[in-house]
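Architecture and fold: a report
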Amino acid sequence: MKKLSTLLLIAFAFILGLTQCKKSIDTITSAGPVGEPVYITLNVGDGGKHIVYPGTGAVVYTENDKIYVGNKGLYIGTLTYHDGAFSGTVYGPSTEDYLHFYFLGNLATGDITEGSTTSFTVNIADQSSSLPVLSYGHSSTKYIDGNTTYGCTLLNQCALAEFKLNYGNSGAVKVTDMPTVATISFANPDNAIAATGTKGVITLNSQSETSKWAILLPAADATATTVTIGGTNFDVTVPAITANTYLAGSSAVAVDNIDYVFTVNDSGKTVHFSHGNLQYTKSTSTWSFMTNQYDIAETEGNVGDDYANQDVVSLFLWGANGENGIAPYNTSNIYWEGNVLGSNDWAIKANAANLDGHDDWFILSEKEWSYLISNHTHGWSTVAGQEGYVFRPDGNNTAVASSYTKETWADEEAAGSVFLPAVGTRLLDDVFYAGEFGCYWTSTSGEGINAWSMDFDKSPMNEITIQVCEDMRNGGHAVRLVR
């Protein structure tokens, strides 16, 4: 990690890149009479968002970030970030000591009290939604009565490490047997932030399907440990970690994981599924994949009979490529003869947008869907509250559970399982059977006004059917791309 004059470390832009709003500074109220209150300002330079740049390890700040202040071995107050500086009230600072500053990003501190807290602990085990920040520095001079403005250099007390997967995976990735608890010490600033010795599992932060990141606490020796993906363990070695270690690129921790694929014909052709259904946002004219496999855009409730004004859509007509003003999300009743660009239009759009960093997306044919159904373990399930159908990848014959939470599905997804939500179907402006019925287009045209689709549903008597059949091309169905 580079040494910067303001601050080093962590939290990804796509997590904390929120709309900024200017708020008044919170006044820190003492829990008791611990000394004369002093309002101070700490200048740290950069303004803007609290973002980590994995390429450099640099951090800038966002509104309401907190810095905890120590003096003479005690916690004496908290500073809050606003308009380019941290400000707040500290209680009873002594001129015999420096002001000690601790920046911990979004980590929860628990109960701490001005004038009595000498240390507290933070837990860094779950880094899935944001990476923690563990930085420390003290003022360049000891506290001076009457001086309310200070500056300092905050330096990270941990490492930023990339875990590079051999094969991309969108599910949860975890590393075991790593220090997960740190002591924040006001009493011993020479050892301001240190691992307690507690070891556990760190859930990594995902920057892409192959690039996973974590903050690691210092460890004197290399650690032979395991990375867990979907219940399967892969041996890795994490080198000795010191404060300011930066492991990335050629120095990243290599994870030689399994490539989970689906064979779709007798010749052994294999594919990877996109991490969600295809969707189109009319207001921005952009194509994208849904964030989660269980997401759906349209329901009977949110569309009603006004589909033309639905901004985010995912139930497309077959074979509409924009010719004659007809778009895939159009509500026209026209039946298309011939293929035009056919369903390949969707893949062309996805590849032009380089979705998920790939430009080789396509749609399974009728025969490939039929092979998939016949040769892979599958079953109806509820995932994160959404009804739909689960397919297992090659070599996984474990029965599909009747339901999964977001947490349990993360492990299934990491093990390569694919979920197709029961999106229903659309005719003109009306959406039908969302949550009960799934219709997914194939690339195969049918007789006359028809094309082939893969359909599944569950009857009121829990009788489940899945088949590949011909549907009218003017019906709105979902699209799940593969590469």
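Residues numbered from 1 in each chain as written. Predicted model: local features only at pLDDT ≥ 70, side-chain atom pairs only at ≥ 80, totals over all residues. Heavy atoms only, no water.

Next up on the list: the environment of His 138. The residue His 138 is located in strand 9 (residues 135-142) in this model. Taking the relative accessible area as the measure of exposure, His 138 reaches 35% and is therefore partly exposed. If we skip the residues at most four places from it in the chain, His 138 touches Tyr 98, Leu 99, His 100, Phe 101 and Cys 152. (Helix = DSSP H or I, 4+ residues; strand = E, 2+ residues; numbered from the N terminus. Buried < 20%, exposed > 50% of the residue type's maximum accessible area, 1.4 Å probe, protein only. Contact = heavy atoms within 4.5 Å.)

A separate point is a nonpolar patch on the surface. Taken together, the side chains of Leu 427, Leu 428, Phe 432 and Tyr 433 present a nonpolar region at the surface, about 340 Å² in accessible area. Within the secondary structure, Leu 428 sits in the loop between strand 32 (425-427) and strand 33 (430-432). (Patch = residues over 30% accessible without salt bridge, like charges linked within 9 Å, V, L, I, M, F, W, Y side chains within 5 Å. Areas by Shrake-Rupley, 256 points an atom, 1.4 Å probe, with all protein chains shown as cover. Salt bridge = Lys/Arg side-chain N within 4 Å of Asp/Glu carboxyl O.)

Before going further, it helps to examine the environment of Tyr 102. Tracing the backbone through its elements, the reader meets Tyr 102 in strand 7 (residues 98-103). Judged by its relative accessible area of 0%, Tyr 102 is buried. On a C-alpha basis, the gap between Tyr 102 and Ser 135 in space is 5.9 Å, while along the polypeptide they are 33 residues apart. Not counting chain neighbours up to four residues away, the residues in contact with Tyr 102 comprise Lys 66, Ile 67, Tyr 68, Gly 70, Ser 135, Tyr 136, Ile 184, Ser 185, Phe 186, Pro 189, Ala 192 and Ile 193. In terms of polar contacts, Tyr 102 uses its side chain to reach the backbone carbonyl oxygen of Ser 185, at 2.5 Å. (Polar contact = N/O pair within 3.5 Å; in protein donor to acceptor, adjacent residues only side chain to side chain.)

Leu 104, Leu 134, Phe 163, Ile 193 and Leu 216 are the most contacted members of the largest nonpolar core, which totals 44 residues. Those elements giving two or more residues to this core turn out to be strand 8 (119-123), strand 12 (159-165), strand 13 (173-179), strand 14 (181-185), strand 18 (211-216), strand 19 (223-229), strand 20 (232-238) and strand 22 (253-255). With near-sequence residues (within four places) excluded, Leu 104 lies in contact with Lys 66, Tyr 68, Phe 120, Val 122, Val 133, Leu 134, Ile 184 and Ile 193. Counting 24 residues, the second-largest nonpolar core is a separate cluster that includes Val 264, Leu 315, Leu 364 and Val 423. (Core = buried A, V, L, I, M, F, W, Y, C linked by side-chain atoms within 4.5 Å.)

A water-sized probe, rolled over the atoms, reveals where empty space remains. Each pocket or cavity is described by its volume, and for the largest pocket that value is around 1,100 Å³. In terms of lining, the largest pocket is formed by 30 residues, of which the most central are Ser 128, Ser 170, Ser 206, Asn 292 and Glu 413. Elements represented by at least two residues in the lining of the largest pocket include exactly strand 13, strand 17 (205-206) and helix 5 (406-414). Looking at side-chain class alone, the lining of the largest pocket contains 8 nonpolar, 13 polar and 9 charged residues. (1 Å grid on protein atoms, 1.4 Å probe; cavity = no way out; pocket = protein on both sides within 12 Å on 5 of 7 lines; lining within 4 Å. Points joined across faces, edges and corners; volume = space filled by probe spheres on them. Nonpolar A, V, L, I, M, F, W, Y, C, P; charged D, E, K, R; others polar.)

Backbone hydrogen bonds are what pair the strands of a sheet, in a parallel or an antiparallel way. Read across the sheet, 3 strands follow the order 8-14-15 without closing on themselves; strand pairing throughout is antiparallel. Unpaired on one side and paired on the other, strand 8 and strand 15 (193-195) mark the two borders of the sheet. Strand-to-strand, the axes of this sheet are offset by a mean angle of 30 degrees, without reference to chain direction. (Pairing = 2+ DSSP bridges. Axes fitted to C-alpha atoms, helices over the stretch in contact; angles between N-to-C directions.)

So, about the packing of aromatic side chains. All chains considered together, the criterion is met by 24 aromatic pairs. With a centroid separation of 6.0 Å and 65 degrees between ring planes, the pair formed by Trp 409 and Phe 419 is classed as edge-to-face. Of this pair, Trp 409 sits in helix 5 while Phe 419 sits in strand 31 (residues 418-421), and the two are 10 residues apart along the sequence. According to the relative accessible area criterion, Trp 409 is buried, its value standing at 1%. Residues Tyr 440 and Phe 456 carry aromatic rings whose centres are separated by 6.1 Å and whose planes lie at 20 degrees to one another, so their mutual orientation is stacked. One end of the pair, Tyr 440, is in strand 34 (residues 437-445); the other, Phe 456, is in strand 35 (residues 450-458), and 16 residues separate them in sequence. Classification of Tyr 440 as buried rests on a relative accessible area of 0%. When its relative accessible area of 0% is taken as the criterion, Phe 456 is described as buried. Members of the aromatic cluster, joined through ring pairs, are Phe 262, Phe 273, Trp 369, Trp 380, Tyr 389, Phe 391, Tyr 440 and Phe 456. (Phe/Tyr/Trp six-rings, centres within 6.5 Å; stacked < 30°, edge-to-face > 60°.)

A word on the side chain of Ser 139. With respect to the helices and strands, the residue Ser 139 is situated in strand 9. By relative accessible area, which is 0% here, Ser 139 ends up buried. Only 2.6 Å separates the side chain of Ser 139 from the backbone oxygen of Thr 141, close enough to count as a polar contact. For Ser 139, the contacting residues outside a window of four places in its chain are Tyr 98, Leu 99, Phe 101, Tyr 150, Gly 151 and Cys 152.

Take the pattern of salt bridges next. Across all of its chains, the model carries 6 salt bridges by this definition. Here Lys 164 and Glu 162 are joined by a salt bridge, their closest N and O atoms 3.6 Å apart. In this structure Glu 162 comes out as buried when scored by relative accessible area, which is 5%. Between Lys 458 and Glu 387 there is a salt bridge whose closest N-O contact spans 3.2 Å. Note that Lys 458 is positioned in strand 35 and Glu 387 in strand 29 (residues 386-391), a separation of 71 residues in sequence.

Inspection of the entire model under this criterion finds 1 cavity of 30 Å³ or more. Here the largest cavity defines a volume of roughly 270 Å³. In terms of lining, the largest cavity is formed by 22 residues, of which the most central are Gly 168, Ser 170, Tyr 260, Phe 273 and Gly 416. Residue composition of the lining of the largest cavity, grouped by class: 8 nonpolar, 9 polar and 5 charged.

Spatial ordering of the open sheet is given by 34-35-36, a layout of 3 strands whose pairing is antiparallel. At either end of the open sheet lies a strand with only one pairing partner, and these are strand 34 and strand 36 (464-472). Strand-to-strand twist across the sheet, computed as the mean angle between neighbouring axes with direction ignored, equals 25 degrees. The pairing of strand 34 with strand 35 spans 6 bridges and is classified as antiparallel. Within strand 35, the position partnered with Ser 445 by the bridge is Ala 451. Sheet contacts for helix 4 (residues 366-375): strand 34, strand 35 and strand 36; angle to strand 36, the most-contacted strand, approximately 175 degrees.

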